[in-house]
Amino acid sequence: MSRRSVYATATLALLLFASVHAQRPTSATPASARGASAGEPAARGAAAFPLTVDSIMRGPDLVGSAPSAVRWSGDSRSIYFAWQKPGEDEASTYVVAREGGEPRKLSEEEARLAPPTSGRWDKARRRLLASDRGDIVIYDRATGVRRQITKTAGNEGSARWARNDTAITFVQGSDLFIVSVDGGDSLLTQLTNIGPRRADPALTESQRVLRDEEQKLLDIVRQRAERRKQTEAEREKEALPRLEINARQTVSDIQLSPDGRYVWVTVTERPAQAGRTADVPNYVTESTYAEMIPTRTNVGDAQSRTQLAIIDLQQKKAVWAEALEPKRGISWSMSELSDDGRFAVTGVRSADNKDRWLVTVDPATGKSRVIDHLHDEAWVRGGGVIGRSGAGGFGAGIAFLNDNRRAAFLSERDGWMHLYTIDVSQEGAQPVRLTSGQWEIAEARLSGDGTKFYLTTTEVHPGERHVYVMGADGGARTRLTTATGAHDLTLSPDETAAADVYSYSTKPPELYVMPKLAPGAEITQVTTTPTEEWRSFKWIDPKLVTYKTRDGKDVYARLYTPEMIGAKRDPLKPAVVFVHGAGYLQNAHKYWSTYYREYMFHNLLASRGYVVLDPDYRASAGYGRDWRTAIYRFMGGKDLEDVVDGAKYLVEAEKVDARRIGVYGGSYGGFITLMAMFTTPDVFRAGAALRPVTDWAHYNHGYTSNILNVPQADLEAYRKSSPIYHAAGLKGALLIAHGMVDTNVHFQDSVRLVQRLIELRKENWELAAYPVENHGFVEETSWADEYKRILKLFEENLRRK
């Protein structure tokens, strides 16, 4: 079903330091999902695997990388995928039969000829149109042959089918080109001429008067001027249709309408006064000199916007889509066009993130009509349906059904992400909700024949991801997957089978095959990724618990205790609360966590007598709109309360010592750790803040402006939410760890906080700097050093009498 893994985050520049996946079977996994190749785990604590920081921080050399780029052969008989085993420097392409068996590694030449990883199917779903290293190719699923369409030094992209699938269009530079692929006129033709406005020669008033007087005085001058104008008019008739853009504008995407008359263009415009880009110094370089890495602007600085233009190829004129609210900043997406070309639906979003419109646009005039409007006092969450072309991620986030009138889209209109359709042909039509309930749709995909939807949802449990099939008109849903955990299906072209990247809490993602796509169908394991050494250890299956917050809400959390790993609790009863990153992410679930190093570290802590809690605090994903937006205008408010209430839960339910609780996390988790240590100093005795945001006014625009607005309009929200303003409250022991070439949360954030701590004369803190690391650490030695420091922090402050 999806080529986008449910195990990674999303989308915007979220505050996430992600890790690669690993794998091991578990007794909680049904036999049909285990596969004989995985083997059974050895006894807990087997000597084959030493549970030490150095051992668990080996990363891909220990657990490898999960299978990815899953796709099918055109005849639905074979599955291709990328796979990197432990010890290998890079991923290779493999192929396995639909029924399973031993995957075969392809040679470089075989891999080059394998089906593309993504693209657009024609209506017959026989040919896949794709980009390959800047050129356009067509993969014929019936023959398995790849046909090269372009081979240039330039870069061609945004390839789409045209003229009833007999031709293709693609973008090169700022213009749209078309070429026939099914006989007929195969001449490559340029359709547009998009570029800067042509400037007429600038004449002074004196020059203009002399020119006009000369034409009146001399016949030869007048005759030449008239002939020149006539020649220019004749050339204009033969000229390509033109769209004039200014020096600050660039073309983002272009597509041709199904009837071949209109060209739709999205144009990104940089602000008149460019924002200031921060530079991150890189100190460890081949040249031995410090080198600057340009990164991003800060939140609230000048931002680009996207406009929509339509070129009429017959009339050779262009119009711009009319502004919905002229005095308000908005950005347009590329339109999604119905197959018959009658309707174009475009997504429009306000610059302040509080409104999203779906509109139809008249290509002749640029006039728009709103068909759906979603407003949120906090911020609107995006979500779209993947259409039958298989391209994914359509700009408008909609897919047309077979009647070419109804458009399907995802929306939080009722507080949860659900599927809707709307009749775009009827003015005043209201959206029809096809799914409902206090659960969410993580992904929706329209089938190839347009008769049904494949839905990945949290219907069974917030901590599970299962795939359902439902008719295009709604109605009953049929569940296709059964094994507890998360499923990411990639359907065969004929939609009779599936490849499933499946994981469980103790079982990292592996590729399985489902030869028959049917409810309850057995799945057979194909890959076994982690080392035998890693699989020899019986890892903790964390208990998924809920606890009540001070305002009566239920927080889901993962719980690790010494008993789960065959250890005894430390008599001093220490505990640690882990805070996941990203803010809008989910980690208390029944499938494999992207934080696999942290997962193993929690096993290590439990083996030493600690109790560990990993909560999905307020704003975590998977729990609906109200949960998501509870941090609006105050990060470090409800989310921190949930973490503090988690500490209280450990005292009451697990009988830990309230005086011996630590907290740690990275990125957003590092931010929460700082807020905890500064604003609730009597709750946590020690904290490790890894690559933390210390001042939200210094973070990026796309993420931060959603939640806190912009500093110039809502400075109070930034002051309340930024740890640097609360540093005077520090009492416990604090470790700050940060990569020095972090291009996401800049090292400068921690440097500024350190200066603040110095000025406050605080002494119980330390800074660990990692000279070669970005936001997500890569080097094994950096990971090991960081987590040895975290372990030392907790051992010295939580386990000493």
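Up top you'll find the structure we're talking about.
Worth saying up front: this structure is predicted, and the values here are computed from it rather than measured.

As a further point, take the sheet that holds strand β29 (residues 418–423). In spatial order, the strands read β27-β28-β29-β30; together these four strands make up an open sheet with antiparallel pairing. The open sheet has two free edges, formed respectively by β27 (398–400) and β30 (432–433), since each of these has just one partner strand.

This paragraph deals with a negative patch on the surface. A contiguous patch of negative charge on the surface is contributed by Asp61, Asp89, Glu90, Glu108, Glu779 and Glu780. Its location among the elements puts Asp61 in helix α2 (residues 60–63).

Before going further, it helps to spend a moment on unusual backbone geometry. Positive phi, normally seen in glycine, also occurs at Asn164, with a value near 55°. One can find Asn164 in the loop between β9 (156–162) and β10 (167–172). Phi at Asn709 takes a positive value of approximately 65°, unusual for a residue other than glycine. Structurally, Asn709 is set in the loop between α11 (701–708) and α12 (715–721).

Helix packing for two helices is described by the angle between their axes and how far apart those axes are. Two numbers describe how helix α9 (residues 638–653) lies on helix α10 (residues 668–679): the axes approach to 10 Å, and their chain directions differ by 75°. Relative to α10, α9 is oriented roughly perpendicular. Contacts between α9 and α10 involve Asp639, Leu640 and Val643 from the former and Tyr668, Phe671, Ile672, Met675, Ala676 and Thr679 from the latter.

With that settled, consider the side chain of His461. Relative to the assigned elements, His461 resides in the loop between β32 (452–457) and β33 (466–471). Here His461 falls in the buried class, since its relative accessible area comes to 19%. A polar side-chain atom of His461 sits 2.8 Å from the main-chain amide nitrogen of Gly463. Once residues within four sequence positions are removed from consideration, His461 is found in contact with Leu544, Tyr556 and Lys590.

To continue, consider a nonpolar patch on the surface. A surface patch of nonpolar side chains, about 270 Å² in accessible area, is lined by Leu217, Leu218 and Ile220. With respect to the helices and strands, Leu218 occurs in the loop between α4 (205–217) and α5 (219–238).

Our focus in this paragraph is the side chain of Thr694. Note that Thr694 resides in the loop between β44 (686–690) and α11. Excluding residues that lie within four positions of it along the chain, Thr694 makes contacts with Leu674, Ser722, Pro723, Ile724, Asp749, Ser750 and Leu753.

What counts, and where the lines are drawn
- Counting starts from 1 at the beginning of each chain's written sequence and moves along it residue by residue.
- pLDDT decides what is reported in this predicted model: residues at 70 or higher carry local features, side-chain atom pairs at 80 or more are listed and counted, and totals for whole chains, interfaces and linings draw on all residues regardless.
- Only hydrogens and water are set aside when side-chain values are computed; all heavy atoms of the structure are taken into account.
- For two strands to be treated as a pair, DSSP must find no fewer than two bridges joining them.
- Put simply, DSSP H or I for four residues or longer makes a helix, DSSP E for two residues or longer makes a strand, and each gets a number counted from the N terminus.
- Patch membership requires more than 30% relative accessible area and the absence of a salt bridge. Residues of like charge join within 9 Å; the nonpolar side chains Val, Leu, Ile, Met, Phe, Trp and Tyr join within 5 Å.
- We get accessible surface area from the Shrake-Rupley algorithm with a probe of 1.4 Å; when it comes to residues, only the shown protein chains can shield them.
- When a carboxyl oxygen of Asp or Glu lies within 4 Å of a side-chain nitrogen of Lys or Arg, that pair is called a salt bridge.
- Charge convention: Lys and Arg are scored as positive, Asp and Glu as negative, and His as well as the terminal groups of each chain are ignored.
- Every charge is mapped onto a representative atom, which is NZ of Lys, CZ of Arg, CG of Asp or CD of Glu.
- Helix axes are fitted only over the stretch in contact, all axes being lines through C-alpha atoms; the angle between N-to-C directions runs from 0 to 180 degrees.
- When an angle is under 35 degrees it counts as roughly parallel; over 145 it counts as roughly antiparallel; between 65 and 115 it counts as roughly perpendicular; any other value is oblique.
- Pairs of residues are marked as contacts when any of their non-hydrogen atoms sit within 4.5 Å.
- The buried label applies to any residue whose accessible area, calculated with a 1.4 Å probe on protein chains only, is under 20% of its type's maximum; exposed applies above 50%, and partly exposed to all values in between.
- Each polar contact in these results corresponds to two N or O atoms within 3.5 Å; when the atoms are within protein, one needs to be able to donate a hydrogen and the other to accept it, and residues that are neighboring in sequence are counted only if both atoms are side-chain atoms.

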